Amino acid sequence: MTEQQSEKFNKMSETGAPFHEKQPMRALIAAEPLLLMTLSRFNIPLGFGSKSVREVCAQHSIHCPTFLSVANFMAGRQWSLSNVELGPLMEYLKNAHTYFLDFILPIIRRKLLEAIDCSDPDGLGFLILRFYDEYASEVRNHMNGENEKVFPYVEALAKGKIIDEYNIARFAAHHTHIAPKLQELKDIIVRYYPGKGNDLLNSALFDIIMCERDLHTHCLVEDQMFVPAVKACERVVRASLQNAPADDPHNGRMPDSDQARIAELSNREKEVICLIAKGLTNKEIADKLYLSVHTVTTHRRNICNKLEIHSPAGITIFAIVNGLLPLEEIPRPR
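Conventions adopted
Residues numbered from 1 in each chain as written. Predicted model: local features only at pLDDT ≥ 70, side-chain atom pairs only at ≥ 80, totals over all residues. Heavy atoms only, no water. Helix = DSSP H or I, 4+ residues; strand = E, 2+ residues; numbered from the N terminus. Buried < 20%, exposed > 50% of the residue type's maximum accessible area, 1.4 Å probe, protein only. Contact = heavy atoms within 4.5 Å. Areas by Shrake-Rupley, 256 points an atom, 1.4 Å probe, with all protein chains shown as cover. Phe/Tyr/Trp six-rings, centres within 6.5 Å; stacked < 30°, edge-to-face > 60°. Arc of directions from axis to C-beta. pLDDT = per-residue confidence, 0-100. Patch = residues over 30% accessible without salt bridge, like charges linked within 9 Å, V, L, I, M, F, W, Y side chains within 5 Å. Salt bridge = Lys/Arg side-chain N within 4 Å of Asp/Glu carboxyl O. Disulfide = S-S within 2.5 Å. Core = buried A, V, L, I, M, F, W, Y, C linked by side-chain atoms within 4.5 Å.

**Q** Go over the overall build of the protein with me, naming the residues and quoting the values.
**A** Scanning the protein from N- to C-terminus turns up 15 helices and zero strands. By the burial criterion, 46% of the 334 residues in the protein qualify as buried. Restricting the contact set of the protein to residue pairs at least 6 apart, pairs at least 24 apart contribute 69%. Of the roughly 17,100 Å² of accessible surface on the protein, 51% is carried by carbon and sulfur atoms.

Take a look at the structure:
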């Protein structure tokens, strides 16, 4: 960064201003090193030089507004749910589960085995390891439950399907935070275990402390970002299924090749889609875009043919799932 850019970035860091897409990606890491974990969970590799956040996200086909919302949330800065897309957010959460279950929790266990004496079944070292193993098992059950139940439900929801026996409110009601027990383990070790080498034990403790913080923010992302986004999508999908004509071949479902259909749309047609999703009539759309009602009708007919969707509710789902319109701009069903 130039001296002027560096001064501007330092000022931004001091004020806690939100990260934005024009900043160098490395400026985010300099301000909050723990965002390295966020990068890996979005499958963004290092080596991006001085490229901006927008450029790095585009290079790796990452939805930039979703990345920025998560990054700002993780850094304790102002963030918005309005531009978050469910698909990228869910992939982020899945990758976080893989990190916890397959990487950091096994590493902590190996360090504990090296740092404590587990030879005596009645000794404190053995009890500490048993405590940790029970905790790791709880985390595995917790995350596997989300992998096997919650994520498939949301994937179906994104295609306009509702699994009647389940909803995200049920998940939220039983979603317990899994980090506090690591705090308890840390306190037990600090207070009661003398250790046989400070470096080994302190290294394990450091990993436990960082993992506890990471798990805490992970659960907050689920509570404050993922659950509200899913609830908003549920409202739209349920409304669409109630209002879809019986002879609608899609009945509120989304076609599989959305990206190909988006590529066929003109910018004007995308504008019309967003206004349809907001509930505007043809006359209101015409007035908004300074078009004739006949032109709007033609655009709607072309949109329906290109998307193979023939109901306003189905078009609304298409707009939300594919990030054409933020969830917060969709009027709630009355």
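**Q** Describe the packing of aromatic side chains, and please don't skip the residues or the numbers.
**A** Under the counting rule described, the total for this entry stands at six aromatic pairs. Both rings, one in Phe 42 and one in Phe 67, keep their centres 5.4 Å apart while their planes meet at 75 degrees; by these two values the pair is edge-to-face. Linking Phe 42 in the loop between helix H3 (35-41) and helix H4 (53-59) with Phe 67 in helix H5 (residues 64-74), this pair joins segments that are 25 residues apart in sequence. A centroid spacing of 5.0 Å and a plane angle of 35 degrees characterise the contact between Phe 42 and Tyr 92, whose relative ring orientation is tilted.

**Q** Describe helix H13 (residues 282-289), with residues and values.
**A** Structurally, the α-helix is built with 3.6 residues per turn, so residues lying three or four positions apart point the same way. Of all the residues in H13, the buried ones are Ile 285, Ala 286 and Leu 289. One side of H13 carries all its buried residues, which in axial view fall inside an arc of 100 degrees. Of the surrounding secondary structure, the elements contacted by the buried residues of H13 are helix H12 (267-277) and helix H14 (293-307).

**Q** Which residues make up the confidence of the model for the protein, and what values go with them?
**A** Residues of the protein with pLDDT of at least 70 account for 86%, and the chain-wide mean is 84. Predicted confidence is poor over residues 5-15, with pLDDT under 50, and the contacts of this stretch with residues over four places away or in other chains come to 13 contacts. A low-confidence stretch, residues 246-256 stays under pLDDT 50, and its non-local contacts, those more than four residues away or across chains, total 26 contacts.

**Q** Give me a nonpolar patch on the surface: which residues, what numbers.
**A** A surface patch of nonpolar side chains, about 350 Å² in accessible area, is lined by Leu 124, Phe 126, Leu 127 and Tyr 192. Assignment of secondary structure puts Leu 127 in helix H7 (residues 124-158). With a relative accessible area of 36%, Leu 127 lands in the partly exposed category.

**Q** Requested: an account of the pattern of salt bridges, with residues and values cited.
**A** Scanning the model with the defined rule gives 12 salt bridges in all. Residues Asp 214 and Arg 41 are paired through a salt bridge, measuring 2.6 Å at the closest nitrogen-oxygen approach. Taken together, the residues span a long stretch of sequence, with Asp 214 in helix H10 (residues 198-243) and Arg 41 in helix H3 at a distance of 173 residues. The exposure class assigned to Arg 41 is buried, which follows from its relative accessible area of 3%.

**Q** Any chance you could break down the state of the cysteines for me, citing the residues and the numbers?
**A** What makes a disulfide is a covalent bond joining the sulfur atoms belonging to two cysteines. Enumeration over the complete set of coordinates arrives at zero disulfides. Counting only cysteine sulfurs, Cys 64 is the nearest neighbor of Cys 57, a cysteine outside any disulfide, at a range of 4.0 Å.

**Q** Go over the nonpolar core, please, and point to the residues and values.
**A** Formed by 49 residues in total, the largest nonpolar core has its most connected members in Met 25, Phe 67 and Phe 226. For this core, the element with the highest residue contribution is H10, accounting for 10 residues. Residues in contact with Met 25, not counting those within four places in the same chain, are Leu 39, Ile 44, Phe 48, Lys 51, Ser 52, Val 53, Val 56 and Phe 67. Counting residues in hydrophobic clusters, the runner-up holds 31 residues, among them Leu 112, Ile 128, Ile 178 and Ala 179.

**Q** Describe in detail the environment of Gly 49, supporting the description with residues and values.
**A** On the secondary structure map, Gly 49 appears in the loop between H3 and H4. For Gly 49, a relative accessible area of 43% corresponds to the partly exposed category. As a C-alpha pair, Gly 49 and Pro 24 span 25 residues in sequence and 8.3 Å in three-dimensional space.

**Q** Tell me about unusual backbone geometry, residues and numbers included.
**A** One non-glycine residue with positive phi stands out, namely Ser 61, at about 55 degrees. Here Ser 61 shows up in the loop between H4 and H5. Among the residues examined, Ser 61 registers a relative accessible area of 68% and is labelled exposed. At Tyr 290, a residue that is not glycine, the phi angle is positive and equals roughly 60 degrees.

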